[in-house]
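# Coordinate inspection notes
Each chain is listed here by its residues.
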Amino acid sequence: MLWQKESDADGAAYIDLLQNTKLPLGKFRLNRIKNNVQSIHARTEGNRKYGQNDFTGAMELYNESICFAEKGSEQLSLAYANRSTCFLRLQLYDRCLVDIQLAKASNNQISEQLMSKLNAREKECLKSKSSDVTVAEEPALSFDPHEKWPCMVNVLDIERSDQYGRLVRANSDIQIGDTILIEEAFVKILLGTERNRCSNCIKEKMNFIPCDNCADTMYCNETCANNNFHEDECDMTMGAEDCYDGESLTFILRSVIIAINTFRTIAELMEFVENCRASDPLDITEPVDTPISEYRTFFKLAVMMTNERVSNLLKTAYLIFHSIMGSRLSKRFETKDSQRFLVHLTIHHAIILRVNAFGGCTEPGNGLFGHNVDDDDKQRQQDIHLFTSYFNHSCIPNVILLVKDSIAICKALRPIKQGEQLFITYIDDEGYGMTEKQRNDQLEMVYGFRCQCEFCRKGDKHKNIEQLQLDADFRYVAINIPQLIQHSSTDLMKGIKGHCIAFLKKYPLQSIASTEGGYILTTLSSLMQKEIESC
């Protein structure tokens, strides 16, 4: 069904996938419009938080105030000024100074009273700046970068097999904790309306600048603002709320906009897609160093192109198609063939994202230190990383996928020997408490396969291994985790991490493929994520 044409004749149009799909189209604006009244309300609420010494909470509201403030208005300069006080109290002096300059530059008629306060704050900040907090080091690869794919280490190779398709294999021994991949997301999006992160790179607590036209988008600098999606998204409307039948419509929409803007014309994009589809579906792009080569890698990620899946996505495609055709991008889709191509492309993207992306409308927890996913005040994100998608699944992974902002960081979770394949898990932290059938029913529904790892081959004969429960390292972790959750301690974290690593080095895979082994892997994963968040 997908990518089928009306006939075999040259130049034949794609079949009309939407001919029997008709939905009521509401007009849900993707981005709210600016409003000084709402800006004042958010700033007032921020002042209340600031008075309670909740400087992070106040900053979130000041960001909202900046977003809603009309360009050139007094409200914009006041919101910047108030946010600068949060940076001052958080001892982020360089960022405080930037906000002071933003406040001065945002309004040509700034009051003498506000200017006096800003100048005094600037002097205080410069006086304190010598004691500025030390910024933690950014994550770095543990080996030299790969010659072809510098986001991953040179002790890894990407291969192909009949069973796995593409896979990642080690050509040298790798130790627990080694960082083997650091990769920027190809498509990323924030979910929800809270604005405390950059809409492009997902960083937080930066000197965010707002979109000039809408009240929902902020960027940490002009580089992030100069992206290839928001100008088209800014005034778009959608025919339904963000999540529809489990799909994040705006995530799929952004991926399609990125594809459209990667090429000069739609004809070039159509020709490119035809060539990709005609080539080996498992080939590996090298090098991946241009927007077009990145998109080629994305387009050829593993997918499940069943007619049932395509049919289930017709409503999603209908809504996204009409969103694009109701925007300025419609001028690029004036022919019947290009419009039908857009529908096929949207469904192709939706399937890629469902199979390869992480996060979503119902995001899993994050181990021992995870947040409450029912807390609507927490901002969530959804992203897809190209080379990270080449890692296959195991219920007892030897690699952990960590996320910081829009960066994927992969670390070895168990000792990896030369020649071994590298695996992450596609199931959240509750997987070790699920039965083999529950895990594999979930994998088959979403990804189209059933796992054959050691954990699954054992069936449900993997619980209550007395030898592991009596192990000194296991007991240390089990006894001290409740204390760590209640009272975070750097020394205790290091101690627990050390005992987790000692446990995993001690036992073979056959023993680690157990509930006890899963508990240690989950604990170590959570500790590694906590370390990444502190960088």
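Residues numbered from 1 in each chain as written. Predicted model: local features only at pLDDT ≥ 70, side-chain atom pairs only at ≥ 80, totals over all residues. Heavy atoms only, no water.

### Considerations on the overall build of the protein
We count it as follows: Here a strand is any run of E in DSSP of at least two residues, a helix any run of H or I of at least four, and the numbering for each starts at the N terminus. Throughout, the radius of gyration refers to the C-alpha atoms, and the reference size of a globule is 2.2 Å times the residue count to the power 0.38. Note on areas: these come from Shrake-Rupley sampling with a 1.4 Å probe, and a residue is covered only by the protein chains present in the view.
Check the secondary structure of the protein and you find 20 helices and 16 strands. Computed over its C-alpha atoms, the radius of gyration of the protein comes to 25 Å, within 12% of the 24 Å expected for a compact globule of 535 residues. Principal axes of the C-alpha set define a box for the protein whose edges measure 75 × 70 × 40 Å. If you sum the accessible surface of the protein, you get close to 25000 Å²; carbon and sulfur atoms cover 47% of it.

### Concerning the sheet that holds strand β4 (residues 179-184)
We apply this condition: DSSP-based pairing: two strands are paired if at least 2 bridges between them are found. Working convention: axes come from line fits to C-alpha atoms, limited for helices to the stretch in contact. Angles between N-to-C directions cover 0 to 180 degrees. Whether two residues touch is decided by their heavy atoms; if any such pair falls within 4.5 Å, the residues are in contact.
Strand order across the open sheet formed by three strands is β4-β15-β14, with antiparallel pairing between neighbours. Every other strand in the sheet has two partners, leaving β4 and β14 (399-404) as the edge strands with one partner each. When the angles between neighbouring strand axes are averaged without regard to direction, this sheet yields 20°. With five bridges connecting them, β4 and strand β15 (residues 407-412) associate as antiparallel partners. What sits directly across from Thr 179, in β15, is Lys 411. Where helix α20 (residues 515-533) meets the sheet, its contacts fall on β14 and β15, and the angle it forms with β14 comes to roughly 30°.

### Some remarks on the side chain of His 348
Heads up, the rule is: Partly exposed residues are those whose accessible area sits between 20% and 50% of the maximum for their type, while under 20% is buried and over 50% is exposed, using a 1.4 Å probe and protein chains only.
Turning to its location among the elements, His 348 is positioned in helix α13 (residues 336-356). You can call His 348 buried: its relative accessible area is 6%.

### Here we look at the environment of Ala 13
Positionally, Ala 13 belongs in the segment before β1 (28-29). A sequence separation of 389 residues divides Ala 13 from Leu 402, and the C-alpha atoms of the two residues are 43 Å apart.

### Re unusual backbone geometry
The linkage connecting Glu 286 with the following residue, Pro 287, adopts the cis geometry, with an omega of -10°. Mapped onto the secondary structure, Pro 287 falls in the loop between α9 (266-278) and α10 (291-299). Within the chain, Asp 405 stands out as a residue other than glycine whose phi angle is a positive 60°. When you line up the elements, Asp 405 lands in the loop between β14 and β15. Of the residues examined, Asp 405 reaches a relative accessible area of 16% and is grouped as buried.

### Considerations on the packing of aromatic side chains
What counts, and what does not: A pair of aromatic rings is counted whenever rings of Phe, Tyr or Trp (Trp by its six-membered ring) have centres within 6.5 Å, and the orientation is called stacked for planes under 30 degrees apart, edge-to-face for over 60 and tilted otherwise.
Going through the model one piece at a time under the given rule, you end up with 20 aromatic pairs. Between Phe 263 and Tyr 295, the ring centres sit 6.1 Å apart and the planes meet at 80°, which makes this aromatic pair edge-to-face. Pair noted here: Phe 263 is in the loop between α8 (249-262) and α9 and Tyr 295 is in helix α10, with a separation of 32 residues, a long-range link. As far as the burial class goes, Phe 263 and Tyr 295 line up, both buried.

### What to know about the pattern of salt bridges
Defined as follows: When a carboxyl oxygen of Asp or Glu is within 4 Å of a side-chain nitrogen of Lys or Arg, the pair counts as a salt bridge.
This model, assessed by the stated rule, comprises 31 salt bridges. Linking Asp 232 and Arg 328 is a salt bridge whose minimum nitrogen-to-oxygen distance equals 2.8 Å. Taken together, the residues span a long stretch of sequence, with Asp 232 in helix α7 (residues 230-233) and Arg 328 in the loop between α12 (314-325) and α13 at a distance of 96 residues. Look at Arg 328 and you get partly exposed, because its relative accessible area is 47%. Connected through salt bridges with shared partners, the residues Lys 437, Asp 441, Glu 444 and Arg 450 form a single ionic network.

### What about the nonpolar core?
What counts here: By nonpolar core is meant a set of buried Ala, Val, Leu, Ile, Met, Phe, Trp, Tyr and Cys residues that side-chain atoms within 4.5 Å join together.
Of all hydrophobic cores here, the largest spans 156 residues; its most connected members are Tyr 295, Ile 324 and Ile 347. The leading source of residues in this core is α13, at 10 residues.

### Side note on the confidence of the model for the protein
Selection rule: Each residue gets a pLDDT score, which is the predictor's confidence in that residue and runs from 0 to 100.
The predicted model of the protein has a mean per-residue pLDDT of 90, with 93% of residues at 70 or higher. A low-confidence stretch, residues 360-367 (pLDDT under 50), is modelled with 25 contacts involving residues beyond four sequence positions or located in other chains. Here residues 369-378 is a poorly scored stretch, pLDDT under 50, and it has 10 contacts once near neighbours within four places are set aside; other chains count.

### Digging into the packing of α8 against α12
Using the following cut-off: Our angle categories are set so that under 35 degrees counts as roughly parallel, over 145 as roughly antiparallel, 65 to 115 as roughly perpendicular, and the remainder as oblique. The handedness criterion is simple: a crossing whose near helix is rotated anticlockwise from the far helix by less than a right angle is left-handed, and one whose near helix is rotated clockwise is right-handed. Charged means Asp, Glu, Lys or Arg here, nonpolar means Ala, Val, Leu, Ile, Met, Phe, Trp, Tyr, Cys or Pro, and polar covers whatever is left, Gly included.
The contact between α8 and α12 brings their axes to 10 Å, and the two run at 55°. Taken together, the axes of α8 and α12 are oblique relative to one another. The way α8 lies across α12 gives a crossing that is right-handed. Between α8 and α12, the residues in contact are Leu 249, Ile 252, Leu 253, Val 256 and Ile 260 and Thr 316, Leu 319, Ile 320, Ser 323 and Ile 324, respectively. Its residues assigned to classes, the contact of α8 with α12 shows eight nonpolar, two polar and no charged.

### Re the pairing of β15
Each regular strand displays side chains that alternate between the two surfaces of the sheet. Of all the six residues making up β15, five are buried; the element is thus mostly covered by neighbouring parts of the structure. Alignment of β14 against β15, held across six bridges, turns out to be antiparallel. Note that in β15 the partner of Leu 401 across the bridge is Cys 410. Hairpin connection between β14 and β15: a loop of two residues separates the two successive antiparallel strands, and Asp 405 in this loop has a positive phi of roughly 60°.

### Quick word on the environment of Ile 182
With respect to the helices, strands and loops of the structure, Ile 182 is situated in strand β4. Under the relative-accessibility criterion, Ile 182 is labelled partly exposed at 23%. The residues touching Ile 182, leaving out its near neighbours within four places in the chain, are Pro 139, Ala 140, Leu 141, Cys 151, Ile 407, Ala 408 and Ile 409.

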